[in-house]
Every structure is written in C-alpha cells, then in structure tokens.
Amino acid sequence: MTAMTSTTRPFLNRRLAEFGTTIFAEMSALALRTGSINLGQGFPDTDGPEEIREAAVRALRDGRGNQYPPGPGVPELRTAVAAHQRRHYGLSYDPDTEVLVTAGATEAIAAALLALLEPGDEVIALEPYYDSYAACIAMAGGTRVPVTLRPHEGAFRLDLDELRAAVTDRTRLLLLNTPHNPTGTVLTRAELTAIAELAVERDLLVVTDEVYEHLVFDPAGHIPLATFPGMRERTVTISSSGKTFSYTGWKVGWVTAAPALVTAVRSAKQYLTYVSAGPFQYAVAEALALPDGYFTAFREDMRAKRDLLADGLAEAGFDVFRPSGTYFVTTDIRPLGESDGFAFCRALPERAGIVAIPNAVFYDHREEGAPFVRFAFCKRPEVLREAAGRLKALRK
C-alpha cells in the first residue's frame, strides 16, 4: 500500500503552476486518436539529407561521440558553427570561447535565461511566443512582459513605440524570435536597427532565437541582430540543426556570443543536460558545410509547400497570413463564422480530419490570439494536398 503524503503544499513548484501539459502533446494525441493529419506540431514527415544520416552512422560505428563529448561540444561542430556564421553573415566567432553546443535550441534558451536573469528581472518577449519562453522565464524567477505583434496589411507587425514603452528600469533582457513562430513574421532591417539602438541605449541584453534562419522567403534573407552596431557583445544568438536539416529528434543546437556571455550560459547548461547527442554532433558539423545549393533548394521546397497549404486554406475560407519565414502559417477563423481557436481546433479532427494549434496558447493576452490558428506545412506535398481537400468540408 502506498503511503499518502500529509502535506497540503502542491507538488509542483509555484513558478510552474500555470503550465500544464503542452498544447502540442494534447493535439498530437488527438491526431493519433482520430487518425487525423497532424499539421499541429512542427516536425517534418521525411528525414533530411541521406549523406548527413550516414555521417551519423559513421560516427556511431567509429566510436566518435559514443561516450561523453566535451562539455562545450565537439571541436568539429564548434568550428563548423563558427564557419557557418562567418560564411552566411560575416560574423566572426572563436570556436573555443564563443560557441556552445546545446540539446537543441530549447535548452539553449533555458540555459541562457537561467544564467542571465535574477528573480524580479523583467524580460520582454514578442507575443505570441513559443511556449517554452514563458516557462523558462518563470523557472529563472523573471517577469515576462509581452509586446504583442498585431495583424497589419496581411502580416503580424511589431509596434516599436510599444516596445520602447515596455522597457523599464527593471528590464534585463529582450527575448526575440525572428523568423517568428507562430506568425511567420520576419523582422525588417529597419525594425532590427531600432531594436539594436534601444538595446544599446538602455544597456539591455538580447537573446535571439534564430532557428528558422534558413527558412526566410523574402529576398533580403535572414539578418542576425548580432550584425548591428553595439550588438555582438550583448547578444546571445541561438540556432539549431533540427529545422534546417530536418532531423528534429537529434536535438543539436548552439549558442554564439561573446566569451563572457558564453561562459555564463555554459555555467547553467552544464547542470541541465551536461552533454548530449555525441555522434550527431559530428554529423551536424558536416551538414553545416553543405554547399549553398542545399540551403537554396531546401528553402524553395518549403516555399512551394507554404503556397500549397496557404492556397488550400484560403480556398477553404480562412483569412491567411502568408508567412515570410518559418514553416508555419497563421490563419484567422472568423471568416468561417468562428472566433474561439481552442474550440475550433478541438473540433477540427472530427469536422475535417485535420489537427492544428490554437495561437491563443502563445499569448498572455489570450483574447488577442483567440481567432488565430496555426498550421504546419513541413509535410510531403501529397499530405498537404490531402489536407487542403479535407479542409474544403468546412465550407459546406
């Protein structure tokens, strides 16, 4: 017989009390139960380049990474990350002191916030935001201050005046995500310039989540905030291999930043996973060195998938915000006579055999996100065509 505890205090730390099971777990379980097409959670339904998978197999067979890799990451991957930043953005980082390998971008974000925040520090995040941001800020004892992206001329845009007004004497850090999940917004050079000037003026740290850096569909491409004047020394840049190479289960991410910032983040990271993904690190090092043609073809393939699903959603009656980046498309369900994204998504499997995500889960101000629903288009074209056909049932 199991003894019962006599304490009346809840088991869950009060900082995490507001966070239950993630919406992704709920909706993925719903997809399995109903046999629906899962356009909710953002993972591809095909693997990435065969030569990169074989590189992982070689590493396993050669005994590279099967034991604990170095805490900062294997030298081959740190060197490859530094070369990638230089090749694509002209940013120069020392692989020994300015690159840190993490268990995906999610751990990098957690380690950065745990390292850089004191209880009571305010963190400004662009709302809607990826759900782990709020949990990580809470675990670090910080206070999140959302600045809302709002629809304007077919896209979700940042109000720079609202951003400036959100900064107080307690603001420690800006947490940015561009390309932005879930809205697909890509911050413009003018917006990034203003953000950089604000960070320098108010002496703020910035953590940037750039995991969709190779999925920008606009001609300007991705522009890292660290390239702007005064930002390299105050910016923790985070990215990962999962979104670019379609091996999301490998969980290989990285941080690039000035030595003092990397040292701080590593101090927290070493007590989280310590190390991870040893053999996969060698494979990702090879992936980062793939020729430009790979990155171009990957982006263009995803652009075609974006257009396939976006056109299907528009035909089904949604108001579609065609994304400038990421592999998600946000829609407005009000033209369908709906206004509650949660109710809509929970009923959608029965109505159309599709699973999607209600954007309201990414908001502090739930009413701001209530009518918006996110669909993932990182799926095979035949799956997206089938989904588009099923969605037509909503117009009947």
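Residues numbered from 1 in each chain as written. Predicted model: local features only at pLDDT ≥ 70, side-chain atom pairs only at ≥ 80, totals over all residues. Heavy atoms only, no water.

Novice: Residue-level account of empty space enclosed by the protein, with values.
Specialist: Scanning all chains against the criterion turns up three cavities of 30 Å³ or more. For the largest cavity, the calculated volume is near 50 Å³. Around the largest cavity, the lining residues are G154, A155, F156, R157, T183, G184, T185, V186, F321, R322, P323 and S324. By residue class, the composition of the lining of the largest cavity is five nonpolar, five polar and two charged. As a volume, the second largest cavity reaches approximately 40 Å³. If you go around the second largest cavity, the residues you meet are P70, G71, P72, G73, V101, T102, K269, Y274, V275, S276 and Q281. (1 Å grid on protein atoms, 1.4 Å probe; cavity = no way out; pocket = protein on both sides within 12 Å on 5 of 7 lines; lining within 4 Å. Points joined across faces, edges and corners; volume = space filled by probe spheres on them. Nonpolar A, V, L, I, M, F, W, Y, C, P; charged D, E, K, R; others polar.)

Novice: Please provide a residue-by-residue account of the sheet that holds strand β9 (residues 235–240), values included.
Specialist: If you walk across this open sheet you meet the seven strands as β2-β10-β9-β8-β7-β3-β4, and the pairing is mixed. What marks the edges here is a single partner per strand, and that holds for β2 (99–102) and β4 (143–148). Each strand axis lies, on average, 20° off the axis of its neighbour in the sheet, ignoring direction. Helix α3 (residues 75–89) rests against β2, β9 and β10 (253–256) of the sheet, and its axis sits at about 115° to β2. (Pairing = 2+ DSSP bridges. Helix = DSSP H or I, 4+ residues; strand = E, 2+ residues; numbered from the N terminus. Axes fitted to C-alpha atoms, helices over the stretch in contact; angles between N-to-C directions. Contact = heavy atoms within 4.5 Å.)

Novice: Account for the UniProt feature "domain: Aminotransferase class I/classII large" (unreviewed entry) in the chain, naming residues and giving values.
Specialist: UniProt's feature table lists "domain: Aminotransferase class I/classII large" (unreviewed entry) at residues 37–391, given in the numbering used throughout. With 42% helix and 18% strand, residues 37–391 has end C-alpha atoms that lie 11 Å from one another. (UniProt positions renumbered as here; feature names shortened; annotations may be inferred.)

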